[in-house]
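One-letter residues, chain by chain:
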Amino acid sequence: MKIATYNVNGVNGRLPVLLRWLAESQPDVVCLQELKAPEEKFPEQAILDAGYNAIWHGQKSWNGVAILARNAELQEVRRELPGDVEDLHSRYIEAIVNGMLVACLYLPNGNPAPGPKLDYKMKWFERLTTHAAELMEFGVPVVMAGDYNVMPTELDVYKPERWVDDALFRPEVRAAFKTLVDQGWTDAIRKLHPNEVIYTFWDYFRDAYGRNAGLRIDHFLLSPHLDKRLLAAGVDRHVRGWEKSSDHAPTWIELADA
């Protein structure tokens, strides 16, 4: 099974890119972030025509997450992260696919930091960590995939000294990610590529993609059930170079059959 995560940075404006990549890569399950579209504007028919069922949680102009499944049914479990009934951001959705629980998330950016946006990010991280611990206790295969807006280590960022005060790299943010992983989750990319420079995001400015001045902020965290089934992991870096592409590239893993 091939599972991918992709921050599309606007699902309608980048629909041709998304459909082209789906046809080329043919992942079985896809987590999308930053739909930037309200519920009724999600391109369901185009996704269906491409061979994928979908569930989504949209929001006008901002955020938005979706899970796609190729020739498979999706059983939605929840469409919000527990712990704050006043949080109206569309940043989390969860479903059962082929006996596996898939959590798709778009963690807050947190900039400018320090400030209210960083505070919101840290509280969201706490809620995610609490919920992740509950998912771990269910005893079923779980993958938490998405844009975490965190570079866990210096290996995950081009010129880390320039990012010291950024909300994606501040010590407390990296510590929060480590606390989450230490529950027993496996960072899929780093398990298979422990020392390799791998990026999933390149800014539109200053020819970042051409210079490979990137960040690794899109991650797969796997429960112990799936850790044992991990066969491959990588980034479709070339997609970032397509015309009118997102500033993220699709990131993927391959799992052995259970």
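Residues numbered from 1 in each chain as written. Predicted model: local features only at pLDDT ≥ 70, side-chain atom pairs only at ≥ 80, totals over all residues. Heavy atoms only, no water.

Draft legend 1. Representation of the packing of helix α3 (residues 116-137) against helix α4 (residues 171-181) within the structure. Here α3 crosses α4 at 5°, and the two axes come no closer than 10 Å. As far as their axial angle goes, α4 and α3 are roughly parallel. On α4, the residues touching Leu 118, Lys 121, Met 122, Phe 125, Leu 128, Thr 129 and Ala 132 of α3 are Glu 172, Val 173, Ala 176, Phe 177, Thr 179 and Leu 180. Class assignment for the residues of the contact of α3 with α4 results in nine nonpolar, two polar and two charged. (Axes fitted to C-alpha atoms, helices over the stretch in contact; angles between N-to-C directions. Helix = DSSP H or I, 4+ residues; strand = E, 2+ residues; numbered from the N terminus. Parallel < 35°, antiparallel > 145°, perpendicular 65-115°, else oblique. Contact = heavy atoms within 4.5 Å. Nonpolar A, V, L, I, M, F, W, Y, C, P; charged D, E, K, R; others polar.)

Draft legend 2. Looking closely at the packing of aromatic side chains. Inspection of every chain in the model, using the stated rule, returns four aromatic pairs. Seen in terms of ring centroids, Trp 202 and Tyr 209 are 5.6 Å apart; in terms of plane orientation they differ by 85°. Their pairing is edge-to-face. Using a relative accessible area of 0% as the deciding quantity, one classes Trp 202 as buried. When its relative accessible area of 21% is taken as the criterion, Tyr 209 is described as partly exposed. A cation over a ring is seen here: Lys 2 above Trp 252, with NZ or CZ 5.0 Å from the ring centre. Directly above the ring of Trp 242 sits Arg 20, whose terminal nitrogen or CZ lies 3.6 Å from the centroid. (Phe/Tyr/Trp six-rings, centres within 6.5 Å; stacked < 30°, edge-to-face > 60°. Buried < 20%, exposed > 50% of the residue type's maximum accessible area, 1.4 Å probe, protein only. Lys NZ or Arg CZ within 6 Å of the ring centre and 35° of its normal.)

Draft legend 3. View of the environment of Val 140. Topologically, Val 140 is positioned in the loop between α3 and β8 (142-147). Classification of Val 140 by relative accessible area gives partly exposed; the value is 31%. For the pair Val 140 and Ile 67, spaced 73 residues apart in the sequence, the C-alpha separation amounts to 18 Å. For Val 140, the contacting residues outside a window of four places in its chain are Ser 223 and His 225.

Draft legend 4. Highlighting helix α1 (residues 15-25). For α1, the full list of buried residues reads Leu 15, Val 17, Leu 18, Trp 21, Leu 22 and Ser 25. Buried positions in α1, seen along its axis, are confined to an arc of 160° and lie on one side of it. Away from the buried face of α1 by more than 90 degrees, exposed residues Pro 16 and Ala 23 are located. If you follow the buried residues of α1, they end up packed against β1 (2-7), β2 (29-33), α2 (44-49), β3 (52-57) and β4 (65-70). (Arc of directions from axis to C-beta.)

Draft legend 5. Main features of the side chain of Thr 186. The topology assignment puts Thr 186 in strand β9 (residues 186-187). Here Thr 186 falls in the buried class, since its relative accessible area comes to 15%. Discounting chain neighbours no more than four positions away, the residues touching Thr 186 are Lys 191, Phe 220, Leu 221, Leu 222 and Asp 227.

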